[in-house]
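# Close look at the chain arrangement
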Amino acid sequence: MDARGGIGGSLAGLDLLEEINRLRKERNAVILAHYYQKPQIQDLADFVGDSLELSRKAAETDADVIAFCGVRFMAETAKILSPEKIVILPDMDAGCSLEDSCPPAQFKAFREAHPDHIALSYINCSAEVKALSDIIVTSSSAEKILSKLPKDQKIIFGPDKHLGGYLARKLGREMLLWPGVCIVHESFSETELLKLKAMHPGAPVAAHPECPPAIIDHADYVGSTSGILQYAKDMPGDTLIVATEPHIIHQMEKAIPQKRFVGAPGADGNCNCNVCPYMALNTLEKLYIALRDLQPRIEMDEQLRVAAKKSLDRMLDLASDTVGQGDVGAR
């Protein structure tokens, strides 16, 4: 791919939206966009939402191709649920700090060192880690699943130590936590959040549970991206401070234009460090090329896919009603 986004040439002069829509029909493709994608990608997607529900919706379609505008573990999940479909990711470098923090070989060794524990793994992990896990959880389903497990059941929770820690505190469950973090949610500053609360007195704070405890402690609502979107719709006030990746605000402004949404600042209050750099790798140009060439493509060994699907199925057995709360269709 050259510097201008084309493979072996420039895309100058192309109407990208028109070309993407043409290829969508020609390829019989469904386009998925996570809430953290840029607004122009959200607006052209067939479905916008959280990662697992997007994969489930795509599996229910008669599409031959799934174009997943998100990150690699999300596209892998789509392949796990739709092995017969071609799954493409606009940029294969769109990874995840949580996935990167949990190498499968190290996780396997950790499990083997604690044979009396079961492994609950956050969906933000590789297919290999899913295959090594007993139950996959999402930020929407984790609490319900934990409440169904015996109190004396020993648990490993990974890869997000902040989500695991939040659940442990809320439910009074002791768990062994894998030391991974999301670089986006880790970037929020308690000092800057307090300044923002002072500027908007009375405005509630909605935070994703991947945030550190210092941010969670100031939140009026803690939940998944879908849950935060629903909270924005239901809250009585007219201003909400949002402590998660700021591109979710696009859906809030579309759904409730009469309300005001303020993104919580990161670090010194001026940086863009709360924008996910991995999600930002996907562009209209790369989506066009992926649909044109049906590359980059997610390929997966069938034995790995089946093993990874078992932990996802276990989650759905325990908490299927929690998946996709608040997700939307763009068209």
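Structure: above.
Note that the coordinates shown come from a computational prediction; the quantities given were computed from them, not determined experimentally.

## Points about the sheet that holds strand β5 (residues 117-122)
Read across the open sheet, the four strands follow the order β6-β5-β7-β8; overall the sheet is parallel. Every other strand in the sheet has two partners, leaving β6 (135-137) and β8 (176-177) as the edge strands with one partner each. Both strand β7 (residues 154-158) and β8 contribute to a ladder of two bridges, which runs parallel. Note that in β8 the partner of I156 across the bridge is L176.

## Focus on the environment of P103
With respect to the helices and strands, the residue P103 is situated in the loop between α5 (97-100) and α6 (104-113). By relative accessible area, P103 is classed as partly exposed at 28%.

## As for the packing of aromatic side chains
A full pass over the atoms with the stated rule returns three aromatic pairs. When the centroid spacing of 5.7 Å and the interplanar angle of 70° are considered together, the rings of F107 and W178 count as edge-to-face. Placement of F107 in helix α6 and of W178 in the loop between β8 and α10 (183-186) is noted, with a sequence separation of 71 residues between them. Overall, the relative accessible area of 0% leaves F107 in the buried class. Residue class for W178 comes out buried when judged on its relative accessible area of 7%. Between Y221 and Y231, the ring centres sit 4.9 Å apart and the planes meet at 10°, which makes this aromatic pair stacked. Placement of Y221 in strand β10 (residues 221-222) and of Y231 in helix α13 (residues 225-234) is noted, with a sequence separation of 10 residues between them. When its relative accessible area of 25% is taken as the criterion, Y221 is described as partly exposed. Ring-pair connections join several aromatic residues into one group, and the members of that group are F107, F110 and W178.

## Looking at the nonpolar core
The tendency in soluble globular proteins is for nonpolar side chains to be buried as a group. Counting 111 residues, the largest nonpolar core has I31, L120, L240, M252 and L291 as its most contacted members. The greatest single-element share of this core, amounting to seven residues, is contributed by helix α16 (residues 302-319). Those residues in contact with M252 that sit more than four places away from it in its chain are I228, L229, A232, L240, V242, P257 and F261.

Each value, and the rule that gives it
Residues numbered from 1 in each chain as written. Predicted model: local features only at pLDDT ≥ 70, side-chain atom pairs only at ≥ 80, totals over all residues. Heavy atoms only, no water. Pairing = 2+ DSSP bridges. Helix = DSSP H or I, 4+ residues; strand = E, 2+ residues; numbered from the N terminus. Buried < 20%, exposed > 50% of the residue type's maximum accessible area, 1.4 Å probe, protein only. Phe/Tyr/Trp six-rings, centres within 6.5 Å; stacked < 30°, edge-to-face > 60°. Core = buried A, V, L, I, M, F, W, Y, C linked by side-chain atoms within 4.5 Å. Contact = heavy atoms within 4.5 Å.

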